[in-house]
Amino acid sequence: MPVPSADADATPGGRVRFERSGIEADASASVPLLETGETAGVAMPYGCRRGICFGCLVPLVHGRVRNLRTGELHGEPGELIQTCVNGAAGPLAPALALALQGSRPVAPSAPLKELSRDID
């Protein structure tokens, strides 16, 4: 599990709305969105636990997230975020929304082999 940065404690979490399912949940700034969704009953896409990176990518509809490894903030609509390493950042109005395809994973725009080659 990622270790939150020191700044994550200073930033409150927020209300998360999982767009496709309509499920909403309160999210701690230090808890990955993957865990927040699963706890709320959302069928979250992932491959992380099987060693397949980028299986949890979903596009951000609106709101801000913080990378729990680096502390970086992200908030561009349409930006692909990894739910296993990002937590809700700041008060979100009305809510942070992740575009999830029900129980089907959202495929990344590039094949996984290309994505993994880019990070080597």
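This text goes with the structure placed above it.
Thresholds applied
Residues numbered from 1 in each chain as written. Predicted model: local features only at pLDDT ≥ 70, side-chain atom pairs only at ≥ 80, totals over all residues. Heavy atoms only, no water. Helix = DSSP H or I, 4+ residues; strand = E, 2+ residues; numbered from the N terminus. Buried < 20%, exposed > 50% of the residue type's maximum accessible area, 1.4 Å probe, protein only. Contact = heavy atoms within 4.5 Å. Areas by Shrake-Rupley, 256 points an atom, 1.4 Å probe, with all protein chains shown as cover. Salt bridge = Lys/Arg side-chain N within 4 Å of Asp/Glu carboxyl O. Pairing = 2+ DSSP bridges. Arc of directions from axis to C-beta.

Visitor: I would appreciate a short explanation of the overall build of the protein chain in the present structure.
Guide: In terms of regular secondary structure, the protein chain is built from two helices and eight strands. Tracing the protein chain from N to C terminus, the helices and strands come up as β-β-α-β-β-β-β-β-β-α. Taking all 120 residues of the protein chain together, the buried fraction comes to 42%. Pairs at least 24 residues apart make up 57% of the contacts formed inside the protein chain by residues separated by at least 6 positions. Total accessible area on the protein chain is roughly 6,400 Å²; 52% of this is exposed by carbon and sulfur atoms.

Visitor: What is the right way to read the pattern of salt bridges from this model?
Guide: Pairing of side chains with opposite charge becomes possible as their charged atoms draw close. As enumerated under the stated definition, the model contains three salt bridges in all. A salt bridge links Arg 15 to Glu 24; the shortest N-O distance between them is 3.3 Å. Close ionic contact of Arg 15 with Asp 26 constitutes a salt bridge, the shortest N to O distance being 3.1 Å. Placement of the pair is Arg 15 in strand E1 (residues 14-18) and Asp 26 in strand E2 (residues 23-27), with a sequence separation of eleven residues.

Visitor: Is there a simple way to think about the sheet that holds strand E4 (residues 65-67) in this case?
Guide: Within a sheet, neighbouring strands are paired by backbone hydrogen bonds and run either parallel or antiparallel to one another. One open sheet holds the three strands; their spatial order is E5-E4-E7, and the pairing between them is antiparallel. What marks the edges here is a single partner per strand, and that holds for strand E5 (73-74) and strand E7 (86-88).

Visitor: Is there a simple way to think about the side chain of Gln 82 in this case?
Guide: Along the chain, Gln 82 turns up in strand E6 (residues 80-82). Overall, Gln 82 belongs to the buried group, its relative accessible area being 18%. Every residue in contact with Gln 82, bar those within four places of it in the chain, is listed here: Phe 54, Cys 56, Leu 57 and Arg 69.

Visitor: What should I look at first to understand helix H1 (residues 33-40) in this one?
Guide: Along an α-helix, a turn takes 3.6 residues, which lines up residues three or four apart on a common side. For H1, every residue scored as buried is listed here: Leu 33, Leu 34, Thr 36 and Gly 37. The arc enclosing the buried residues of H1, seen along the axis, measures out at 165 degrees, which places them on a common side. Two residues or fewer past H1, Gly 41 is found with a positive phi of approximately 95 degrees.

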